[in-house]
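Fold and geometry: a report
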Amino acid sequence: MLAGGQPDEERLPSATRGIYRRMYTVAQLIGGVWGAGGEGGDLVVHDPADGTAVSSVPVATAEEVRKAVAAARGAAAEWARTPLAERAAALHRAADAVAAAAVELAQATTVEMGKPLADARGGVDAGVGTLRQYAELAPLRGGRTLHGSAEAIDFMLPQPRGVVAAFTPWNDPVAVSCGLLGAALVTGNVVLYKPSERTPATGWLLAKAVDAALPPGVLSLLTGGPEVGAALAAQPVDVLAHVGSTATGRAIAAAAARTGAKVLLENGGSDPLVIDADVDPLWAAEQAAIGAFANAGQICVAVERIYVHRDVAEDFVDALIERARALRTGPGVDPATELGPLVDRQHRDHVHGQVTAAVAQGAQLRIGGTLPDGPGAFYPATVVTDCRQDMPLIREETFAPVAPVVVVDSFSEALRCAADSPYGLAATVLTASMSHAQRACRDLPVGTVKINAVFGGAPGGAAHPRRGSGQGFGYGPELLDEFTATKVVHLQAPGGGHW
Ligand code: NAD
C-alpha cells in the first residue's frame with residue numbers, strides 16, 4: 001500500500017485499475033422511469049479507505065416516495081397475473097444480467113463500503129446463485145389440497161401479497177438484496193427497493209441489471225438516507241422487508257403497526273463463540289479469528305463475544321493475538337488486503353467508544369484498540385480480555401474486528417452467558433463432546449447453532465431469528481412463503497349437483 005491509503009496500482013488486477021478515480025452518479029427508478037425525481041438534492045458517499053468521493057445520490061422527497069408507491073400499486077395486478085413460469089424466466093434473465101455486471105458490482109461495493117474485492121465478488125456470486133435458486137424453486141411450490149366432501153374440491157392457493165418495500169444494509173449489499181428482490185418478484189409482487197445510503201451505487205447497478213429483465217414499473221428504486229426509508233415505511237404497502245439494524249427494524253415494525261403491513265425483519269446480532277475445555281486452543285483461535293475479523297467484523301453472524309474455558313484460555317488468547325497481528329490491513333481494492341476499513345468514521349468512533357469504555361471498566365487491551373493515523377476509517381484487529389458479561393462491549397453489537405474474551409469455569413456457565421443477550425441470531429460452539437453439542441442445540445435461544453465451524457452450513461438454510469435479531473424467514477425457500485398470502489378455496493357444484 002502506498003502512503004495515504006491509496007493502493008499500489010501496479011499490484012491491482014487490470015479490471016480494478018483506475019476505479020479509485022471513478023465517480024458513480026446514481027439515478028432513481030420511479031414508475032418505470034429512470035432518472036425520475038431529483039427534487040430532494042444529493043448525498044455523497046466517500047470511500048472508507050481514503051475518504052475520496054465515490055457516489056453522488058439523489059435523496060427522494062416524501063412526494064417522490066408517495067408517487068413511487070402509487071405507481072408500483074398500479075403495476076401490481078398485471079405482474080401478479082403474469083404466469084409463474086414467465087416470472088421465473090425473467091428472474092433467470094435478471095441473474096444473467098447481474099452475473100454480466102459482476103465485476104462492476106464488486107468494485108462498487110468495495111469502494112463504497114471497503115470490503116476486500118474478492119469478498120465483494122463472493123457476495124455478487126452468492127446473489128446470482130440466490131436469484132437462480134428462487135427462479136427454479138418458485139414454480140415448484142404449490143398449496144395443499146384438502147379432504148372435503150366428494151362433490152367439492154378444496155385447496156390452498158398461494159397468492160402474491162402485492163407491493164413489497166425492501167430495505168437493505170451495506171455490509172453484504174448484493175447478496176442480501178438479491179434474496180429479498182428475487183423471492184418477492186418471482187412470487188408476483190412488485191418491489192420498491194431502498195438500498196443502504198452507504199452503498200447506493202451498488203444498489204443502483206443491481207437495480208439496473210434486474211430491471212432490464214422485468215416489465216417497466218415492476219421494480220422501483222428509491223435512494224437517500226434513513227428519512228427516505230422512514231417515508232417509505234409509512235406508506236400503505238403490503239410488506240415491509242428489512243435486513244439491517246435492530247433499531248431500524250423496531251422503527252419499521254412501529255410503522256407497520258400503523259399501516260397494517262406485514263413485517264419481515266432480519267436484524268442485528270451479538271453472536272457468542274463458546275470454546276469448551278476439550279478443544280485444541282490453536283484451532284479455536286483460528287475459528288475465532290475468522291469469525292471476528294472477516295469483513296472487518298461487519299457480518300451479521302460475526303463472532304461478537306467469546307466464552308473460553310479456563311483450561312485452554314491462555315493458549316487460546318495468545319494464538320488469537322498472533323492471528324490478529326498477522327492480518328494484512330489495506331484498502332479493499334488491493335488483492336493483498338485481508339482487513340479492510342470499517343464502513344465510515346462515524347461507525348469507527350462508535351466502535352472505539354465501546355472498546356475504550358470496556359477498558360475503563362477493567363478490561364485488558366491485548367492488541368489493537370487504537371485509532372490509526374492517516375486517511376480512511378481503518379480500525380485494527382482488536383483482542384480484549386478480562387471482559388465481563390455486564391459490559392456494553394459484550395451486550396451490544398460491535399460490528400467491527402473486535403474480539404472480547406470472557407473466561408468461564410464450566411460449559412454450563414458458558415451456555416448461560418451465551419444465552420444472556422438481547423439478541424438471538426446465531427451462536428457457535430467448539431466442543432468434542434456430543435452431549436455438550438446437543439445441549440447447545442437445544443438450549444441456546446438463537447436462530448442458528450453452529451457446532452465446530454464459525455461459518456459454512458448447507459445452502460438453503462433458513463431460521464427464525466429470536467429477540468432483537470428479528471422475525472420471520474429472511475432466507476431460503478421459506479422466504480417465498482413470506483412473500484405470499486395463502487387463500488383457501490372451496491369449490492362446489494351449484495344446487496343440483498351439476499356444473
Ligand atoms: P440500517 O437498518 O441502518 O439500514 C438498512 C436500511 O434501512 C437502509 O436502506 C436504511 O436507509 C433504512 N432505514 C434506516 N432507518 C430507517 C427507518 N426509520 N425506516 C425505514 N428504513 C430505514 O442497517 P445498516 O447499518 O445498513 O446495516 C447493518 C446492520 O444490519 C447490522 O446491525 C447487521 O447485524 C444487520 N444485518 C443483519 C443481517 C441478518 O440477516 N440478520 C444481515 C446483514 C446485516
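What this report covers is the structure whose coordinates are included nearby. (Residues numbered from 1 in each chain as written. Predicted model: local features only at pLDDT ≥ 70, side-chain atom pairs only at ≥ 80, totals over all residues. Heavy atoms only, no water.)

Burial analysis of strand β13 (residues 271-275) places five of its five residues in the buried class, the great majority of the element. Pairing geometry for β13 and strand β14 (residues 303-309), over five bridges, is parallel. Note on β14: the bridge partner recorded for Val274 is Tyr307. One crossover worth recording links β13 to the parallel β14 by way of helix α9 (residues 281-293), and it is right-handed. (Buried < 20%, exposed > 50% of the residue type's maximum accessible area, 1.4 Å probe, protein only. Helix = DSSP H or I, 4+ residues; strand = E, 2+ residues; numbered from the N terminus. Pairing = 2+ DSSP bridges. Right-handed = clockwise from strand over helix to strand, strands pointing away.)

Before going further, it helps to spend a moment on the sheet that holds strand β20 (residues 448-451). Taken in spatial order, the seven strands make up an open sheet running β15-β16-β17-β14-β13-β19-β20, and their pairing is mixed. A single partner strand is all that each edge strand has here, and the edge strands are β15 (364-367) and β20. Across this sheet, the average inter-strand angle for adjacent strands is 25°, counted without regard to direction. Where β13 and strand β19 (residues 426-430) come together, three bridges link them in parallel fashion. What sits directly across from Leu273, in β19, is Thr428. α9 rests against β13, β14, β16 (382-385), β17 (402-408) and β19 of the sheet, and its axis sits at about 140° to β17. Helix α13 (residues 411-419) contacts β13, β14, β17 and β19 of the sheet and is inclined by roughly 160° relative to β14. (Axes fitted to C-alpha atoms, helices over the stretch in contact; angles between N-to-C directions. Contact = heavy atoms within 4.5 Å.)

In the vicinity of the ligand there are 28 residues, among which Lys194, Glu197, Ser245, Glu397 and Tyr475 approach most closely. In this structure, Pro195 approaches the ligand through a main-chain N or O atom, which is 3.3 Å from an oxygen atom. One of the backbone N or O atoms of Ala230 is found 3.4 Å from a nitrogen atom in the ligand. Calculation on the ligand without its partners gives an accessible area of 850 Å², and the protein chains cover 90% of this total. Mapped by element, the contributors of at least two residues to the shell around the ligand are α7 (226-233), β11 (239-243) and α8 (246-259). Across the shell around the ligand, the residue classes tally to 13 nonpolar, eleven polar and four charged. Viewed by domain, the shell around the ligand spans two of them, domain 1 (13-267 + 469-486) and domain 2 (271-451), each represented by three or more residues. (Near = heavy atom within 4 Å. Polar contact = N/O pair within 3.5 Å; in protein donor to acceptor, adjacent residues only side chain to side chain. Areas by Shrake-Rupley, 256 points an atom, 1.4 Å probe, with all protein chains shown as cover. Nonpolar A, V, L, I, M, F, W, Y, C, P; charged D, E, K, R; others polar. Domains from an automatic or database assignment.)

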